[in-house]
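Coordinate inspection notes
Residue strings, one per chain:
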Amino acid sequence: MKTTATLFSLLGLAFAHDSHHAHIAKRQSAAAAAGTQVVDGVTIPPLASITFGMPTATTPAATATATPGAAPPFSGGPKLPSPAWAFAQGQWPEMDKPIDSTSAQVQEWMKELDGYDIPDFSPTVDGSCVNDTAAEADAAKRGWWTCGGYTRDTDIVACPDKMTWGVSFDDGPAPYSTVLLEYLKQKSVSATFFVVGSRVIEYPGILINEYMAGHEISVHTWSHPHLTSLTNAQIVAELGWTRKAIQAVLGVTPTTMRPPYGDIDDRVRMIALAMGLVPIIWTRTDDGHSFDTFDWMVAGGTVPGSTSFAEFQSILGNASTLNTGFAVLQHDLYEITVDLAVGYTLNAALTHNPPFTLEAVGKCSKIPTTNLYVESNTNKTFPFPAPPKSMASGSNSSSSANSTSSGSSSNGKVSSQQGASGTGGAPRSLALSLPLGAAALLALAALL
Ligand SMILES: [Zn+2]
């Protein structure tokens, strides 16, 4: 039987301390007693033991396996920066803390908003519905995803093809991302990593390994706040510093982002788009089923792994009722959530009958990899030739991006394709309605 120790040595990763061996042995013996499974060389604890406070395995090393100046993972990309990026004290905001939005750097990025009509909603109290009943009452007008699941056509919220799973992992890079990367490699599955700027400067080597393995890298803020609760300048700071960190390490600047907690409204959307970042959320159906594995609740000690997996199985049940594919929220920050993904959720999807196609969100959306980064993007109409000038009132945006009955009209992917195709020029409004039929969709996809 292969063990995690074997896996790590196969990967050429060194253990930092001998005590880690003992740690692993302890975990493995506990897991073996309860019925460990091994998935492609990765030792996974039984589902019942995946819970807050479980014994932990050793922490894999965070070293980049690619060398500075290495050829890019896709045609048309820049080489990796050389010399390799190195952390310089004082040149970055404090990790995981609110950022000074009055700095000269942030003020410079604020100029990117010039010419755009950023809605003047007041920030929400804390991004939650219960603590801000006034904003909640206004949720439809605000296009607030958190309260009611409102999306706009500029959001990417699902893979367009039925039975296709948009694989995404948030909040890394982190040490256990390495275990996940090995699994994804063995299964030839690509994923989108929505990375936190603070983790990027902490674990640049892991970010490089994700990127060089052919996965997609996207912005997920610096300190993981509820973006709707921030001022415009604070939002710009969160997105700007994360964008800058990714660029410093990889040499590429993402053209997509995901709001933490899915907390986005038209003000946040417009700021993101003005900064050249297309929002990507995860799927929520009309009846309120979110394609969220709730693995983060396991990591937080709220629910055991078995509850998360049961929720996930209901997701799989819902998936076959959709006319489109979907995008799923998972996390690679914690060992627990990686165990769940590698041992249970991804494995269940791959062995499902009929099987799901698992792909990164950009790939499943048929967006060329070159479009996902500023430096390689030769399609000047992606994300948009110019972001929408303003929000239309009386929008017909759906409370769900994936109607099980209405076909293709309100999927965020549609207008992204429209923007990318150059057929319609700049959308006038984030709430632009695009009642496209299947034939039009295919035509737009072909133009990408
Ligand atoms: Zn997150």
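In what follows, the structure referred to is the one given above.
These numbers were taken from a predicted model, which means no experiment stands behind them.

Another point: the overall build of the protein. The helix and strand inventory of the protein stands at 16 helices and 9 strands. Contacts in the protein between residues far apart in sequence, at least 24 positions, make up 78% of those at least 6 positions apart. Accessible area of the protein: about 16800 Å², with a carbon and sulfur share of 55%.

Bringing the state of the cysteines into the picture now. Scanning the model with the defined rule gives 2 disulfides in all. Note on cysteine connectivity: C159 is disulfide-linked to C364, with sulfurs 2.0 Å apart. On the sign convention where negative is left-handed, the bridge of C159 and C364, at about -85° about the S-S bond, is left-handed. Placement of C159 in the loop between α5 (139–142) and β3 (164–170) and of C364 in helix α14 (residues 361–364) is noted, with a sequence separation of 205 residues between them.

Enumeration according to the criterion identifies 18 aromatic pairs in this entry. A centroid spacing of 5.7 Å and a plane angle of 85° characterise the contact between F326 and F356, whose relative ring orientation is edge-to-face. With a gap of 30 residues between them, F326 in strand β8 (residues 326–331) and F356 in the loop between α13 (335–350) and β9 (357–360) connect regions that are remote in the sequence. The pair F326 / F356 is uniform in exposure class, with both members buried. An aromatic cluster of three or more residues is present, and its members are W165, F291, F309, F312, F326, Y344 and F356. Sitting above the plane of the F194 ring, R258 keeps its charged end 4.0 Å from the centroid. One Lys or Arg, R284, reaches over the ring of W145 and ends 4.1 Å from the middle of that ring.

Turning our eyes to something else, we now look at the layout of surface pockets. Empty space within the largest pocket amounts to approximately 560 Å³. In terms of lining residues, the largest pocket is bounded by 28 residues, among which H224, P260, Y261, W296 and H331 are the most central. The set of elements that each furnish at least two residues to the lining of the largest pocket consists of α11 (295–299) and β8. The element that contributes the greatest number of residues to the lining of the largest pocket is α11, accounting for 3 residues. Considered class by class, the residues forming the lining of the largest pocket number 13 nonpolar, 9 polar and 6 charged.

Right, let's get into the packing of helix α9 (residues 232–250) against helix α10 (residues 266–274). Two quantities define a packed helix pair, namely the angle between the helix axes and the distance between the axes. Closest axis-to-axis distance for the α9/α10 pair is 10 Å, and the angle between their directions is 50°. Taken as axis vectors, α9 and α10 run oblique relative to one another. Between α9 and α10 the crossing geometry is right-handed. The segment α9 lies against α10, with N232, I235, V236 and L239 engaging R267, V268, I271 and A272. Partitioning the contact of α9 with α10 into residue classes produces 6 nonpolar, 1 polar and 1 charged.

This paragraph deals with the coordination of the zinc ion. The protein atoms that coordinate the zinc ion are D171 (OD), H220 (NE2) and H224 (NE2), at distances of 2.0 to 2.2 Å. When the donors of the zinc ion are listed by position in the chain, the intervening gaps give D-x48-H-x3-H. In this pair, D171 sits in the loop between β3 and α6 (177–187) while H220 sits in the loop between β5 (216–219) and α9, placing the two residues 49 residues apart along the sequence. We note that D171, like H220, is buried.

Along β3, 7 of the 7 residues are buried, which leaves the element largely enclosed by surrounding structure. Residues of β3 alternate between two faces, with T164, G166, S168 and D170 on one and W165, V167 and F169 on the opposite face, all of them buried. As judged from the 4 bridges shared by β3 and β9, these two strands associate in the parallel manner. Paired with T164 across the two strands is T357, which belongs to β9. Relative to β8, β3 runs parallel, the two sharing 6 bridges.

So, about the pattern of salt bridges. Applying the stated criterion to the full structure yields 11 salt bridges. D265 is paired through a salt bridge with R142; the nearest N and O atoms lie 3.8 Å apart. One end of the pair, D265, is in the loop between β6 (256–257) and α10; the other, R142, is in helix α5, and 123 residues separate them in sequence. A salt bridge links D266 to R269; the shortest N-O distance between them is 2.9 Å.

This brings us to unusual backbone geometry. Negative phi characterises most residues that are not glycine, and trans characterises most peptide bonds. The peptide bond linking S82 to P83 adopts the cis configuration, its omega dihedral lying at 0°. Along the chain, P83 falls in the loop between β2 (42–44) and α3 (104–110). Between G172 and P173 the backbone carries a cis peptide bond, its omega angle lying at 0°. With respect to the secondary-structure elements, P173 resides in the loop between β3 and α6. Phi is positive for M163, close to 65°, though the residue is something other than glycine. If you trace the backbone, M163 turns up in the loop between α5 and β3. Overall, the relative accessible area of 16% leaves M163 in the buried class. Phi is positive for K366, close to 65°, though the residue is something other than glycine. On the basis of relative accessibility, which here comes to 32%, the residue K366 falls in the partly exposed class.

Conventions adopted
Residues numbered from 1 in each chain as written. Predicted model: local features only at pLDDT ≥ 70, side-chain atom pairs only at ≥ 80, totals over all residues. Heavy atoms only, no water. Helix = DSSP H or I, 4+ residues; strand = E, 2+ residues; numbered from the N terminus. Contact = heavy atoms within 4.5 Å. Areas by Shrake-Rupley, 256 points an atom, 1.4 Å probe, with all protein chains shown as cover. Disulfide = S-S within 2.5 Å. Phe/Tyr/Trp six-rings, centres within 6.5 Å; stacked < 30°, edge-to-face > 60°. Buried < 20%, exposed > 50% of the residue type's maximum accessible area, 1.4 Å probe, protein only. Lys NZ or Arg CZ within 6 Å of the ring centre and 35° of its normal. 1 Å grid on protein atoms, 1.4 Å probe; cavity = no way out; pocket = protein on both sides within 12 Å on 5 of 7 lines; lining within 4 Å. Points joined across faces, edges and corners; volume = space filled by probe spheres on them. Nonpolar A, V, L, I, M, F, W, Y, C, P; charged D, E, K, R; others polar. Axes fitted to C-alpha atoms, helices over the stretch in contact; angles between N-to-C directions. Parallel < 35°, antiparallel > 145°, perpendicular 65-115°, else oblique. Left-handed = near helix turned anticlockwise from the far one by under 90°. Donors = N, O, S within 2.8 Å, 3.2 Å for Na, K, Ca; no water. Pairing = 2+ DSSP bridges. Salt bridge = Lys/Arg side-chain N within 4 Å of Asp/Glu carboxyl O.

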